[in-house]
Each structure stands twice: as structure tokens, then as C-alpha cells.
Amino acid sequence: MYSFDVFDTLITRSTVTPNGIFTLIQKLIRKNGKYDPFITSNFYELRIGAEQLAHELSGSNGKQEVTLDDIYEVLSMTVGLPDCRKEELKKLEIETECSNVLGITKNIALLKKLKKQGERVVLISDMYLDEAAIRRMLYLIDPVFREIPLYVSSTYGKTKGSGALFKIVQKQENVDFSDWTHYGDNPCVDIEPALKLGIKAVHLLPESMKEYENPGKSLDHQLSTGISRYIRSLGNDSPAGEVGSSLAGPILYPYVSWVLKESMRQGIERLYFVARDGWILWKIAEVIIREEGYPVKTSYIYGSRTAWRFPFYDGSKKDLGRILYYSNMEEILSMNDMAELFQLSLDELRKFLPERLKEIEGGKRVSKAQVDTVAKWLQENGKFRKYLVESQKEKRILVIQYLHQEIDVSNDRFGFVELSGTGFTQYCLAKLIGNFYEGKIKNFFYRLDEIQEDGPCEFFQFYPSNLKRYMLELLCRAPHGQTEGYREEGKKIIPVLEQKEGEQIKAYNIEEYLKGVLDYVVSMERIYARNGLTYVPRLDIAREYMEFIAEYPSERIARYFCHMPFSSGGRKNSMVEFAPAVSKKQLRVIYFWNNGENVRQVYHGDFIEYALIRSAEAKKYKERCQEYRKYGIGKWLTDWNRYLHTHLKPGIEYFCPWELLKGSIVIYGAGKVGRSFVKQAKQRYARCKRLLWVDSNYMELQATGMDVKSPQEIMNDSFDRVIIAIRNVRTREEIWDRLRDMGIETEKIYYG
């Protein structure tokens, strides 16, 4: 004979713990308004306490188990429930159990296999519910349970844990213990007592909670965690499946649910999910709309920074500055990168460069000062801006045709759904749509990095917090590459997609991951509907899981994210793993010899900080490198290494490219950067023939004995160049504009 335990072996609940059902009942009785506020506010605690006391009273009377009637008799004595209300609550508990029962399919399949082979099978349960209630729950899962004998502890007053219920079954089924195999999930109740009697016992391990799942008494946490655990128990417990069902689902589902509810409130009828972060969000939305019956139509729009930012550009200096500001300029390491940024060939770009920079090899490393200076020169160059507009003419026509083809602008009842970012790409999109639509466009974001100025867009933000943007993006990979542009095929405009990245993402088990996400969404939608409840998006669950992923992930979860194909810059040929392991040699080169200034040249990943979070050893070694370079022989070694490579003497903190210091120069700024540049300019290697040092606070500085002049002194003589020695980006921009207003030629202004 074969016997099976029932709860957490063949069936389980949608709540992660059995007591979670009491949280759900408390929510339901509060909703119907028929019960005293004391009961509706405290049912969870009252119900647990009543069961504990019922067990104590039962034990004193020689019974090993209690019934539901026993529990509610104690509860009635506590809160003075009339008989009619007591019966209502008992019935509600049974109904709630039935509404939230879930089948453990792999164990049910084992039971069915044994039945098909002609084996005798019985069910045994330690439970306060009676046989009829448990039979009903089982039958809701599978008709196979209709006729299988069921032995329940509440019927006999004996339990499996004591061994007594096993003896009752042995007698009634007339079976030898040696011919009996019992399957169960609980070592103390199912396995050990059975083995003591000579029954073969098979431990069917239940799906456990993960280290990041701490539901407590919150109903939403109970249901969310219970659903995630259940999906894992169905076999979708690989790293990709787990992240999908147990982390990404609880993080992304609240956002999409909010977007749809907010759309209904605002009368939005059409939602356009923007590639590529919008792909999974779109899939989630389709599930919710199907389950809820929302009258909202969704579409997926192919676009990207590459495809929209420059085609929208109309030639203004301000908008070119905004494009550059939002273009990950720290990733520009060569003139080839600069040309790619502007979607030009290197030869095209060189036509507009200063003479000294025209001869730089395309792949040669350029300094940040050179990158910033070139970018500012190009922004100021009217001929370049005009050329840039002209170079995008064909792309502009195609993207406008594509958007007009895909977006229904017959009225203003439409909006766009994005994940995270600055909102600038949506500004570019709005400008492009402005060619055939006059109103503002509505945009939903999980989180915005900054508040956008009034313009052609309205922004609605789900979570105004410091959630790690890069981790959100990792949760929203799409199985296709970046949109590089558009082409005409027949009478239709179709997107042109980069191929390699899409293939890499597909190979990273994206389908398994997506299945986990959507299984979670379907299950959450249905369990709330079955209980007659409305889902209200919970920010705290999303925050808890995001903090776990981004700040203290387990090795298993970190490994999944670390090796994911990723590109933060949005440009071609920049796909790397997100955060592969970093070696000690790399850490020395980055943090000892260069103090973190050369990460992208040394580390072959996108986000070294996550690699350091993953490895306590690597993080500790990084800190040792940083500490050692500050003192003693470590400081001496790094100072002289820098001197050998740049002829920059120890004691000068900030480095200015030597070629900028030649001839007659002006250094604008007398802070730490400016003082370092002046010291460097006075070294013989600099070949500085004449130096003027200026700062807007020159009077205060002169009072301290510093030889600093007014910026107006620049007008009294001619110089080869003016070097802006300021760290703050916005202040540098202001000084550049001030110098231009003074009549200084663009070709003579440099960032240090």
C-alpha cells in the first residue's frame, strides 16, 4: 500500500504560510462590514490564539487533535460571537481554503502513476478541517481524489506525529507496516513516525522560501510569496525561472498594473510600449488586460536613442547640448567612438575638428578633456550643426513615416510606456510626432532620473525613489537587438534591428525567464479575482526585492545577473557581460596605479561595482589597493609611476594634457583643479611661455596672496588658448558661454 500526506505534499495554499489564510479572512470580513471592529482588526491574532488554546484544552482531555468546531468555540468565548456569526466564520474559512488551494502537480502525477499501476493508495492528514472539507479541496484540484480513502486526524482525535493515526490506518486497511510506503513533506510528522513503525517513508521535499522572501502578516506579501513559491514548485526553478517568477514578477507586475489602472482613470485607450525595455512590460500588460477585461489596446513600438535622438534634431545649439549631455559621454574613448556617437564617418567628423585633433588616429585613446572640448566645439559650430541636420534627412523621413504608420493620433487618448531614464528620448519622440500631431504626449515611467522641464511631454512616474536604474533594465531584456533605423519594404516602414545582441539575449534563457514572469502575473490576477479582491500595487515589495538584487544578492542570484549580455551606452559593438568577476591584477591596475580612473579600459564588463558587491574578497582587495596608494611606499610608487608616464611631479593632484600647456595660456579657475594646473604649467616639461591665471573671485584670492587676476584681463592680450580648470560640469558650461560672450574664439577654449 502507498499513502500520501495531503497539505504541502499534494496540495498547498496561495498564501505562503497556513496562517496567511487568516490574514486573507481578516481582509474579507473587514470588507463585508458585518463584524465588530475588534474582530475585523484582530482576526489573524485571535484565530491563531484560539487554535493554540483549543489544543491545550484538547490535550488535557486526552485528544491529540482539535476540530474546526473546537477552535471556533474558543474564539466565540473570547469575542462573544453569536452562533450565527460563528457558523458564518467557519463557513468563510472553509470557502477561503477552497478558493486558495493549489495542486502540487509533480506529486499528484506520482500518485496517479501508482493508481494506474493498480496499486492501493490512501491519503492521511493531520488537520483540524474535517474530511468533507479536505475532500472538497482535493477534488477542486483533480477528480482522481474522489474515491481515494482519506484519514483525517480531526476525525479520530489521533495524529500521524504520534504514530497513532498510522496504526488506525493499518488496522482499517488491514496492511502490514512492512508492505507500506508513505510519502510526505514533514520529517517530524510524516517520516520519523512512519520509520519507527517499520513503514517505508519517502521525503518529498516541499518548495522552501528563498532568503529574500519574508512575508510576515501582510496579505499582499503572503500572496506574492506564496505564488512565487508555487510556480517554482512546478519545475520553473532554474536561475532564469526563479528570477522571473520570484523577483522580476513582484517588481514589474505592480508597475504595469498601475499603468493600466491610471490609463483607465485618465481615459487612455491606446498604450504604446517602447522597445526594448517595454517588451516584457507589454507582455505583462496583455495578460492583465485579458484577465481584467480592460478596454485598452496595446502595441509595441520599435525605437531607441540611436533611432530617435539625432533624427529629431533641428539644428539648435541647446538641443545638441542636451543630446550630448544624455549620451553617456564617459564611454567615448576614441575619435571612432565620437564619430559613432554622431552617426558619422570619422572622415566626415574630421572636417569640423580643430587642426591639432584632425590627425588623431581613430582608435587612439583620447582624454576626457579632449572629448569634452571636441563636444563643446562641435556644439558651438553652426556649420557642423547644419551638416548634422542634413546628414539625418533620410532617417528623419523614415522615422516620421514609421511613427505615423504605427501610432493612432485620431484623438489624445494614447500614451507611451517606458521603464526608466531621464525622459529625454521621449522628448525626442514627442518632437518627431509633432510633425503630424499637435498635442502633448503622455509618458509612463517606473522611475525618472530627473524632473523634465515643461515641453511636448507629460510624465507620470510610478516610484519616485533611488531604485537602481541599471538593475531595472536587467529585468527588462528583449529577445531582439537595438533599433538601428528604419527601411521601406513594399508600402510599409519596418524597423532595422541589430542582430547580435538579440541572439545573445535569446541564448540567455529569456523564454524561461519570461515564462516565470507571466506565470506569476496570471496567478496573481486569478487569486485576487477568486477571493473577490482588487489588487492594489505595492511599492514596498518592489523596493525590498530591488534592494536585495542590487545591494546584497546571494551568490546564486548575483551569478545570473553578472553574466547577462548588457550595453548601457546604446551604441554598436559595445555588448559585454554586465558584471563578470574582476581579477586582482585588474583591481591593482584600476585602483592602485590609476585610482579608479581607467575602469573601462581595463575591466571587461559594464558595471564593476556589481562585481565587487558579488565578491567580498574582491571588494576587500580594492579597498586595500586604495588605502595602500595613499601612504608610504605605495604613494611613492604611484607618484613616480605617474611621473614616468606623464612627467607630472608628485604633489600635483589633477592632470592637464601637456599639449594644452604649451605657448601662451590662460587658466580659468583657482580651486583645486586650477591650482594643480598652474603648478603643472610651471614645470619645464610644460613649455608654457606665458601664463595668466584668472577667477571670478579674484579679489578674495588676491587678499590671500594668490596671483589671480580678473577674467576681464583676458581681453587685454592675445593667447593661444584658455583652459577651463573647473570640475563641475554646469559651471564649466557657464564659463564657456561667458568666454564666448566676451568674444573669445571657440577654437581657443579648452576643458582641462
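Treat the numbers as computed from the prediction; the structure is a model and nothing was measured. (Residues numbered from 1 in each chain as written. Predicted model: local features only at pLDDT ≥ 70, side-chain atom pairs only at ≥ 80, totals over all residues. Heavy atoms only, no water.)

Caption draft 1: Up close: the sheet that holds strand β7 (residues 200-203). Spatial strand order, β5-β4-β1-β6-β7: five strands in an open sheet with parallel pairing. The open sheet is flanked by β5 (150-152) and β7, the only strands paired with a single partner. The average angle at which neighbouring strand axes cross in this sheet is 20°, direction not considered. The pairing of strand β6 (residues 181-184) with β7 spans four bridges and is parallel. Opposite G184, over in β7, you have H203 as the bridge partner. Packing of helix α5 (residues 105-116) onto the sheet brings it into contact with β1 (2-5), β4 (121-125) and β6, and relative to β1 it is tilted by some 160°. (Pairing = 2+ DSSP bridges. Helix = DSSP H or I, 4+ residues; strand = E, 2+ residues; numbered from the N terminus. Axes fitted to C-alpha atoms, helices over the stretch in contact; angles between N-to-C directions. Contact = heavy atoms within 4.5 Å.)

Caption draft 2: Quick peek at the packing of helix α10 (residues 219-233) against helix α24 (residues 510-530). At a closest axis distance of 10 Å, the pairing of α10 and α24 adopts a crossing angle of 135°. With respect to their mutual orientation, α10 and α24 come out oblique. Handedness of the α10/α24 crossing: right-handed. Contact residues: α10 offers D220, L223, S224, I227, S228 and I231, while α24 offers G516, D519, Y520, S523, M524, I527 and Y528. Broken down by class, the residue content of the contact of α10 with α24 amounts to seven nonpolar, four polar and two charged. (Parallel < 35°, antiparallel > 145°, perpendicular 65-115°, else oblique. Left-handed = near helix turned anticlockwise from the far one by under 90°. Nonpolar A, V, L, I, M, F, W, Y, C, P; charged D, E, K, R; others polar.)

Caption draft 3: Broad picture of helix α20 (residues 393-406). With 14 residues, α20 extends 20 Å between its outermost C-alpha atoms, agreeing within 8% with the 20 Å of an ideal straight helix rising 1.5 Å per residue. Taken residue by residue, α20 has R396, L398, V399, I400, Y402 and L403 as its buried positions. (Expected span 1.5 Å × (residues − 1). Buried < 20%, exposed > 50% of the residue type's maximum accessible area, 1.4 Å probe, protein only.)

Caption draft 4: Fine view of the nonpolar core. Residues L252, Y446, Y513 and F561 are the most contacted members of the largest nonpolar core, which totals 95 residues. Here the element with the most residues in this core is helix α11 (residues 239-266); it accounts for 12 residues. For L252, the contacting residues outside a window of four places in its chain are I280, L281, I284, L419, Y446, L475, C476 and Y513. I407, C428, V666 and I667 belong to the second-largest nonpolar core, a separate cluster that totals 92 residues. (Core = buried A, V, L, I, M, F, W, Y, C linked by side-chain atoms within 4.5 Å.)

Caption draft 5: Quick look at the pairing of strand β10 (residues 414-417). Burial along β10 is two-sided: F414 and F416 facing one way and G415 and V417 facing the other are all buried. Strand direction decides the pairing type here: strand β8 (residues 270-274) and β10, joined by four bridges, are parallel. Residue pairing in the sheet places R270 in a bridge with F414 of β10. As defined by bridge partners, β10 adjoins strand β12 (residues 441-445) across three bridges and the pair is classed as parallel. If you follow G415 over to β12, its bridge partner there is K442.

Caption draft 6: Highlighting the sheet that holds β10. Pairing is parallel across the open sheet formed by five strands, whose spatial order is β9-β8-β10-β12-β14. Each edge of the open sheet is held by one strand with a lone partner, namely β9 (297-301) and β14 (457-461). The sheet shows a mean angle of 25° between the axes of neighbouring strands, taken without regard to direction. Contacting β8, β9 and β10, helix α12 (residues 278-292) runs over the sheet at an angle of about 165° to β9.

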